[in-house]
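Overview (structure and organization)
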Amino acid sequence: MSAPIRHQIIEDCGKPLFVLVPYAEYVASLNQETEESPVIPLVVSKIANLEGKSLVRAWREYKGFSQADMAERMGISRPAYSQLEAKGANLRTTTVHRLAAALGVSWEQLCDDEE
């Protein structure tokens, strides 16, 4: 058996700043799935919260797509798409997955717990 690896902790004024770990352990940690919340860029959050827009619309604007672009990507009409990004729209799970694919984001990034 090999001895357990001791990680080196780098401190500043007694407060830990960094931990040095073996490279193989670091790489393994990258491959672990986590149950963290999906990442939403600050700009998207600001568009949704400060401007009072839906998260779907905020993502569309952030990505630089028009409603017509999104409708074409989803194979639906622009008016139909417009209803999908309305604030408070009750979207089906399959619709959220299609929207996410069209935007190039994960479906979890389109879920808004407050709506």
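The structure reproduced in this document is the subject of the present report.

Rules and cut-offs
- Residues numbered from 1 in each chain as written.
- Predicted model: local features only at pLDDT ≥ 70, side-chain atom pairs only at ≥ 80, totals over all residues.
- Heavy atoms only, no water.
- Helix = DSSP H or I, 4+ residues; strand = E, 2+ residues; numbered from the N terminus.
- Buried < 20%, exposed > 50% of the residue type's maximum accessible area, 1.4 Å probe, protein only.
- Areas by Shrake-Rupley, 256 points an atom, 1.4 Å probe, with all protein chains shown as cover.
- Contact = heavy atoms within 4.5 Å.
- Core = buried A, V, L, I, M, F, W, Y, C linked by side-chain atoms within 4.5 Å.

What to know about the overall build of the protein chain
What the protein chain contains, in helices and strands, is 6 helices and 2 strands. Expressed as a percentage of its 115 residues, the buried residues of the protein chain come to 23%. A total accessible area of about 8,700 Å² is found for the protein chain, and carbon and sulfur atoms account for 52% of it.

Notes on unusual backbone geometry
The phi dihedral of C13 is positive, around 55°, even though this residue is not glycine. Looking at the secondary structure, you find C13 in the loop between strand 1 (8–12) and strand 2 (15–20).

Focus: the side chain of R60
Note that R60 resides in helix 3 (residues 55–63). Not counting residues within four places of it along the chain, the set of residues in contact with R60 comprises F65, S66, Q67, M70, Y81, E85 and L103.

Examining the nonpolar core
Counting 20 residues, the largest nonpolar core has W59, M70, Y81, L99, L103 and L110 as the members making the most contacts within it. Of all elements in the fold, only helix 2 (42–50), helix 3, helix 4 (67–74), helix 5 (78–84) and helix 6 (93–103) reach the threshold of two or more residues within this core. Looking at which element gives the most residues to this core, the answer is helix 6, with 5 residues. In this structure L103 touches V56, W59, R60, K63, F65, M70 and L110, once residues within four positions along its chain are discounted.

Any functional reading would require information that these geometric values do not contain.
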